[in-house]
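# Fold and contact review
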Amino acid sequence: ADCRYTCHQECRSLIQLDCRPPGQCQSQLSPESTLLPPCSQNVTQTVEEEKPEPLTLQEIKQKIEKYNAKVRNCLLMKLNEDGTYTGFIKVHLKLRRPVTVPAGIRPQSIYDALKEVNLAEMTDKRTSFYLPLDAIKQLHISSTTTVSEVIQGLLKKFMVVDNPQKFALFKEMRKDGQVLFQKLPLTEYPLYLRLLAGPNTDVLSFVLKENETGEVEWDAFSIPELQNFLMILDKEEKDKIQQVQRKYEKFKQRLQETLKEARGKPG
């Protein structure tokens, strides 16, 4: 406020200044006046919003009608007699680490889905692999379906046997050229948020990510999972070494060709 140090608002908590005692600086600006607006680049940050007031049954009915009027496909919301409603959400899977799945399990059939057969319980063998980055899964849920149930449902569909606590559901929003993320509490209702935002995924979309709580809690992983991580890291390291070697081998070859051509030229 006094020394006119200027920074972006999201950088404010990272700044430490050896300020003079009050009254010894030339300016007496307020802290807010020294903050620049956020950068116009696409950045990711966590935001917190006030929870909206619950809707009345009549308001829910009106919003569902407006929502369905904007839908360009058959993924409509349906209001039930008891005041609950059902609809669809799309979840983007942006997982950076491998997941653990049963090894040697056949794909789930329609019979398995109808009978709710859990194929993951049919074998104790496990393997790890990376899910395709930014894969999209569509879920049909109810207004009473919580974030916790959505996470468990996604893991079940992909036969992931990792602890659900390793994952978190985020809502992604775009505002003023920025990408904003907010981690949703386990008791939140995603379909209610979808109804409030409308069907446009540019306004609001859901993302499944690792539940980052600071440092990785390695104790939460089993010995086979840790061994798989080491194997994956070892493979990535070897691949990176080979890439660097190929790069400099090509560079060396081009230098030798250039020197060979230069030897036959005067001067």
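Now for a look at the structure at hand. Within each chain, residue numbers correspond to sequence positions counted from 1 in written order. Confidence filtering applies because this is a predicted model: local features only for residues at pLDDT of at least 70, side-chain atom pairs given and counted only at 80 or more, and all residues used for totals across whole chains, interfaces and linings. To obtain the side-chain values, all non-hydrogen atoms of the structure were included, while hydrogens and water were left out.

### Structural notes on the overall build of the protein
Each helix is a run of H or I in the DSSP string that is no shorter than four residues. Each strand is a run of E no shorter than two, and both are numbered from the N terminus. What the protein contains, in helices and strands, is five helices and 11 strands. Summary of the burial criterion: residues with accessible area below 20% of their type's maximum are buried, those above 50% are exposed, and those between are partly exposed, where the area comes from a 1.4 Å probe applied to protein chains only. Here the protein holds 267 residues, and 30% of them are scored as buried. Here, residues are in contact when the closest pair of their heavy atoms is within 4.5 Å. Excluding contacts between residues fewer than 6 apart, the proportion of contacts in the protein whose partners are at least 24 apart in sequence is 72%. In these tables, accessible area is a Shrake-Rupley quantity obtained with a 1.4 Å probe, and a residue counts as shielded only by the protein chains included in the view. Accessible surface, the protein as shown: approximately 19300 Å² in total, 52% of it carbon and sulfur.

### Structural notes on the pattern of salt bridges
Salt bridge, as used here, is a side-chain nitrogen of Lys or Arg placed within 4 Å of a carboxyl oxygen of Asp or Glu. Inspection of every chain in the model, using the stated rule, returns five salt bridges. Arg 174 is the salt-bridge partner of Glu 172, the closest N and O atoms lying 3.0 Å from each other. A salt bridge links Lys 235 to Asp 239, with the nearest nitrogen and oxygen atoms 3.1 Å apart. Of this pair, Lys 235 and Asp 239 both sit in helix α5 (residues 223–263), four residues apart, roughly one helical turn. Each member of the salt-bridge network shares a partner with another, and the members are Lys 94, Glu 172 and Arg 174.

### Observations regarding the side chain of Ser 142
Note on placement: Ser 142 falls in strand β8 (residues 135–142). With relative accessibility at 17%, the residue Ser 142 sits in the buried group. Discounting chain neighbours no more than four positions away, the residues touching Ser 142 are Tyr 85, Thr 86 and Leu 191.

### Points about unusual backbone geometry
Phi is positive for Met 159, which is not a glycine, with a value near 55°. Within the secondary structure, Met 159 is located in the loop between α3 (147–157) and β9 (167–175).

### Focus: the nonpolar core
Among soluble globular proteins, nonpolar side chains are generally buried collectively. The criterion is simple. A nonpolar core is a set of buried Ala, Val, Leu, Ile, Met, Phe, Trp, Tyr and Cys residues joined through side-chain atoms within 4.5 Å. Counting residues in each nonpolar core, the largest one holds 35 residues, and the members touching the most others are Tyr 85, Ile 89, Val 91, Phe 167, Leu 169, Phe 206 and Leu 208. Elements represented by at least two residues in this core include exactly α1 (57–70), β5 (85–93), β6 (99–102), β8, α3, β9, α4 (190–197) and β11 (205–210). Take this core: its biggest share by element is five residues, from α3. If we ignore the near neighbours within four places in the chain, the residues touching Tyr 85 are Ile 60, Ile 64, Met 77, Lys 78, Leu 79, Asn 80, Ile 141, Ser 142, Ser 143, Leu 191, Tyr 192 and Leu 195. In terms of nonpolar packing, the next biggest core, distinct from the first, is built from five residues, Phe 170, Val 179, Phe 181 and Val 207 among them.

### Details of the pairing of strand β10 (residues 178–183)
Within β10, five of the six residues are buried, leaving the element largely enclosed by the surrounding structure. Bridge count for β9 against β10 is six bridges, and the pairing is antiparallel. Bridging across to β10, Arg 174 finds its partner in Val 179. Pairing between two strands requires that DSSP report at least two bridges joining them. If you look at the hairpin formed by β9 and β10, you'll find two residues sitting between the two strands, and Asp 176 has a positive phi there, around 55°.

### Details of α1
Each residue after the first adds 1.5 Å to the expected span of a helix. Compared with an ideal rise of 1.5 Å per residue, which puts 14 residues at 20 Å, α1 spans 20 Å between its outermost C-alpha atoms and is within 8% of the ideal. Among the residues of α1, Ile 60, Ile 64 and Tyr 67 are the ones counted as buried. Buried residues in α1, looked at end-on, bunch into an arc of 65°, giving them a common side. Facing away from the buried side of α1, by more than 90 degrees, are the exposed residues Glu 65, Lys 66 and Ala 69. Along its buried surface, α1 packs onto β4 (78–79), β5 and α4. The arc in question is the one traced by the directions running from the helix axis out to the C-beta atoms.

### Looking at the packing of aromatic side chains
Planes of paired rings set the category: under 30 degrees apart is stacked, over 60 is edge-to-face and the rest tilted, where pairs are Phe, Tyr or Trp rings (Trp by its six-membered ring) whose centres lie within 6.5 Å. Taken as a whole, this structure holds one aromatic pair when the rule is applied. An angle of 85° between the planes, with centres 6.4 Å apart, marks the rings of Phe 170 and Phe 181 as edge-to-face. Highlighted residues: Phe 170 in strand β9 and Phe 181 in strand β10, separated in sequence by 11 residues. Lys 137 extends its terminal NZ or CZ atom over the ring of Phe 158, reaching a point 5.9 Å from the ring centre. One Lys or Arg, Lys 209, reaches over the ring of Phe 170 and ends 5.1 Å from the middle of that ring. Over a ring means this: the NZ of a Lys or the CZ of an Arg is within 6 Å of the ring centre and within 35 degrees of the ring normal.

### With respect to the environment of Leu 79
Position of Leu 79 among the secondary structure elements: in strand β4. Since its relative accessible area comes to 30%, Leu 79 is described here as partly exposed. Counting along the chain gives 19 residues from Leu 79 to Ile 60, while the straight-line C-alpha distance between them is 8.5 Å. Every residue in contact with Leu 79, bar those within four places of it in the chain, is listed here: Ile 60, Lys 61, Ile 64, Thr 84 and Tyr 85.

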